[in-house]
Amino acid sequence: SSRGGTVPDRQPEWIRIDLSAESTIASVALVCSEKAPGMGTGQQLPKELAIKLSRDARRWETVYENKGFSGPDAGPSVIKFNPRPAKQLWIIANNLPKLQWGHCCSIG
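Here the structure is a predicted model, which is why all the values come from computation and not from measurement.

### As for the overall build of the protein
Working step 1: Helix and strand content of the protein: zero helices and eight strands.
Working step 2: Along its sequence from the N terminus, the protein presents helices and strands in the succession β-β-β-β-β-β-β-β.
Working step 3: When burial is assessed residue by residue, the protein has 35% of its 108 residues classed as buried.
Working step 4: Residue pairs at least 24 apart in sequence account for 72% of intrachain contacts in the protein once pairs closer than 6 positions are excluded.
Working step 5: Working note: accessible area of the protein is about 6600 Å², and carbon and sulfur atoms make up 48% of it.

### Structural notes on the sheet that holds strand E5 (residues 77-94)
Working step 1: A sheet is described by the order of its strands in space; here four strands give the open sequence E1-E5-E3-E4, paired in antiparallel fashion. The strands lining the two open edges of the sheet, one partner per strand, are strand E1 (13-30) and strand E4 (61-66). Here the strands of the sheet are splayed against their neighbours by 20 degrees on average, with no regard to which way each runs.
Working step 2: Bridge count for E1 against E5 is 13 bridges, and the pairing is antiparallel. Each residue of the ladder has a partner; that of Ile15, found in E5, is Ile91.

### Here's the deal with unusual backbone geometry
Working step 1: Positive phi values are uncommon outside glycine, yet Ala57 reaches one of about 65 degrees.
Working step 2: With respect to the helices, strands and loops of the structure, Ala57 is situated in the loop between strand E3 (48-54) and E4.
Working step 3: Under the relative-accessibility criterion, Ala57 is labelled partly exposed at 28%.

### Comments concerning the pairing of E3
Working step 1: Most of E3 sits out of view: five of its seven residues are buried.
Working step 2: Of the pairings in the sheet, the one linking E3 to E5 comprises seven bridges and is antiparallel in character. Its bridge partner lying in E5, Ala50 is registered against Ile92.
Working step 3: Counted along the chain from E3 to the antiparallel partner E4, the turn is six residues long, and its residue Ala57 has a positive phi close to 65 degrees.

### Quick notes on the packing of aromatic side chains
Working step 1: For the structure shown, the criterion picks out two aromatic pairs.
Working step 2: Residues Trp60 and Trp90 carry aromatic rings whose centres are separated by 5.0 Å and whose planes lie at 55 degrees to one another, so their mutual orientation is tilted. In this pair, Trp60 is assigned in the loop between E3 and E4 and Trp90 in strand E5, connecting sequence segments 30 residues apart.
Working step 3: Take Trp60: its relative accessible area is 24%, and that puts it in the partly exposed class.
Working step 4: Among the aromatic residues, ring-to-ring pairing joins Trp14, Trp60 and Trp90 into one connected group.

About the criteria used
Residues numbered from 1 in each chain as written. Predicted model: local features only at pLDDT ≥ 70, side-chain atom pairs only at ≥ 80, totals over all residues. Heavy atoms only, no water. Helix = DSSP H or I, 4+ residues; strand = E, 2+ residues; numbered from the N terminus. Buried < 20%, exposed > 50% of the residue type's maximum accessible area, 1.4 Å probe, protein only. Contact = heavy atoms within 4.5 Å. Areas by Shrake-Rupley, 256 points an atom, 1.4 Å probe, with all protein chains shown as cover. Pairing = 2+ DSSP bridges. Axes fitted to C-alpha atoms, helices over the stretch in contact; angles between N-to-C directions. Phe/Tyr/Trp six-rings, centres within 6.5 Å; stacked < 30°, edge-to-face > 60°.

This is a description of form; function is not addressed.
Rendered as structure tokens:
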């Protein structure tokens, strides 16, 4: 889950994933939890989404951007792009749903 904010869209929320080793990446699958522990945790996708990749955590390449994002009713949201080497993934979200601790992006 991202940090969460008290006001919607005051700043983008984000989740960053650092892989243990550089790998070739061609897609990202956002998966909502089937059994959320409560208040929608693990089940909240944003309406605006960007995915960036980096090999060094300094220079980032946007591989996906959608200001009208909506996930499927069931199953993962698989976002495909041309394969490229990366060590870090940065998922940036706006237009967020509100959970118990604020507006955030929460995936399982």
